[in-house]
Amino acid sequence: MVTSDDVRRVGLALPRTYESFTGGRSKLKVRQIVYVGFSRDELQMGFGYPKDARDGLVEADPETFFLPRPSDLRYQCETTRADRGTRSGRRSARLSKPRGRACEAGNGASKPSK
């Protein structure tokens, strides 16, 4: 299982990355670009991801990934449950190349249908 501390450790090791807090949420940024954002309870994580590929990601693993809330659909981001990720394998989020603004995870994000 990947924890928010694991993601922070990898993210903060990247050049020019720093952590900020907005509204009780932790975010990893490069300059003004947020590329990872955590929910207040750190159980959900939004991350930069190409808009045109996110439907395929959700379809491939709907238990792990779900679409961001409707107001964040305009951004290149995706949302996941942090407790579903693994340290290796297909569920790992690649943080080496930030791609756009991260979602506001955990604040009314769309939930997958069960």
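See the structure printed just above.
Residues numbered from 1 in each chain as written. Predicted model: local features only at pLDDT ≥ 70, side-chain atom pairs only at ≥ 80, totals over all residues. Heavy atoms only, no water.

A. How the structure looks around the sheet that holds strand β1 (residues 17-22). If you walk across this open sheet you meet the 6 strands as β1-β2-β3-β4-β6-β5, and the pairing is antiparallel. The open sheet has two free edges, formed respectively by β1 and β5 (65-66), since each of these has just one partner strand. Relative to strand β6 (residues 77-81), β5 is paired through 2 bridges, and the arrangement is antiparallel. Across the sheet, residue phenylalanine 65 finds its bridge partner in β6, namely threonine 80. Along the sheet, helix α2 (residues 51-60) contacts β4 (44-48), β5 and β6; its crossing angle with β6, the most-contacted strand, is approximately 20°. (Pairing = 2+ DSSP bridges. Helix = DSSP H or I, 4+ residues; strand = E, 2+ residues; numbered from the N terminus. Contact = heavy atoms within 4.5 Å. Axes fitted to C-alpha atoms, helices over the stretch in contact; angles between N-to-C directions.)

B. Focus on the nonpolar core. Counting 12 residues, the largest nonpolar core is built from Val2, Val7, Leu28, Val30, Tyr35, Val36, Phe38, Met45, Phe47, Leu57, Val58 and Phe65. Broken down by secondary-structure element, the contributors of at least two residues to this core are β2 (25-30), β3 (33-38), β4 and α2. At 3 residues, β3 tops the list of elements feeding residues into this core. (Core = buried A, V, L, I, M, F, W, Y, C linked by side-chain atoms within 4.5 Å. Buried < 20%, exposed > 50% of the residue type's maximum accessible area, 1.4 Å probe, protein only.)

Honestly, that's just the spatial picture; any functional story needs more than this.
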